[in-house]
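# Observations on chain architecture
Okay, here's what each chain looks like letter by letter:
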Amino acid sequence: MSTQTDISLTINGAERALSVEPWTTLLDAMRDQLGLTGAKRGCNQGVCGACTVLRDGRPVRGCLSLAIDCAGAEIATVEGLSDGNQLAAVQQAFLDASAVQCGFCTPGMLLVVQALLRENPRPSIDEIRCGLSGNLCRCSGYRKIVDAVAASVTSAP
Ligand code: FES
Ligand code: FES
């Protein structure tokens, strides 16, 4: 007997169909079935934040979210941030500040920053640090990432 369930959800504005096992994570479904590999599989146990996506506007760990629980949800991934070749402001700020080294943490960081700025358009440095505290970066020492977010705040209209 099949244990697969068909679900649909919206990812980056497009309705997507998935056939998932009860234990399939959102991260695995997106990467393995839809080819959306922007969200990274780092620790795969909820610690590093590399798998972060937005679910109904809030950051969630893709590796801890069951796909079946996301039926009907609106998911945003890093693939949906830019408008064609036009980078989102926060992506451009990361580039301008050289806040990307290996880039493994970057998709998760960008989505957390998107959610942070939506809730708090002018965060202080401490609020930026606090907002990013659930996402680990093994390369950068965080300084340039915080600088990038601060710059995108200062340059916002
Ligand atoms: S891969 Fe999900 S938190 Fe590390
Ligand atoms: S840039 Fe390499 S983990 Fe953050």
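Here, the structure is the one placed above.
What counts, and where the lines are drawn
Residues numbered from 1 in each chain as written. Chains lettered and ligands numbered in written order. Predicted model: local features only at pLDDT ≥ 70, side-chain atom pairs only at ≥ 80, totals over all residues. Heavy atoms only, no water. Patch = residues over 30% accessible without salt bridge, like charges linked within 9 Å, V, L, I, M, F, W, Y side chains within 5 Å. Areas by Shrake-Rupley, 256 points an atom, 1.4 Å probe, with all protein chains shown as cover. Salt bridge = Lys/Arg side-chain N within 4 Å of Asp/Glu carboxyl O. Helix = DSSP H or I, 4+ residues; strand = E, 2+ residues; numbered from the N terminus. Buried < 20%, exposed > 50% of the residue type's maximum accessible area, 1.4 Å probe, protein only. Pairing = 2+ DSSP bridges. Core = buried A, V, L, I, M, F, W, Y, C linked by side-chain atoms within 4.5 Å. Contact = heavy atoms within 4.5 Å.

Right, let's get into a nonpolar patch on the surface. On the surface, Val47, Leu136 and Tyr142 cluster together to form a nonpolar patch covering roughly 240 Å² of accessible area. Mapped onto the fold, Val47 is located in the loop between α1 (26–33) and β3 (52–55). By relative accessible area, Val47 is classed as partly exposed at 48%.

Before going further, it helps to spend a moment on the pairing of β3. Sheet topology places β3 next to strand β4 (residues 58–61); four bridges connect them, and they run antiparallel. Bridge pairing in β4 links Leu54 to Pro59. Counted between consecutive antiparallel strands, the loop separating β3 from β4 contains two residues, among which Asp56 sits at a positive phi close to 50 degrees.

Counting 24 residues, the largest nonpolar core has Phe94, Met109, Val113, Leu132, Ile145 and Val149 as the members making the most contacts within it. Within the residue set of this core, elements represented by two or more residues are α2 (89–96), α3 (106–119) and α5 (143–154). Looking at this core element by element, the count peaks at seven residues for α3. Contact partners of Ile145, with chain neighbours within four places excluded, come to Phe94, Ala99, Cys105, Met109, Leu132, Cys137 and Ser140. Formed by 19 residues, the second largest nonpolar core is a distinct cluster that contains Val20, Leu36, Val53 and Ala67.

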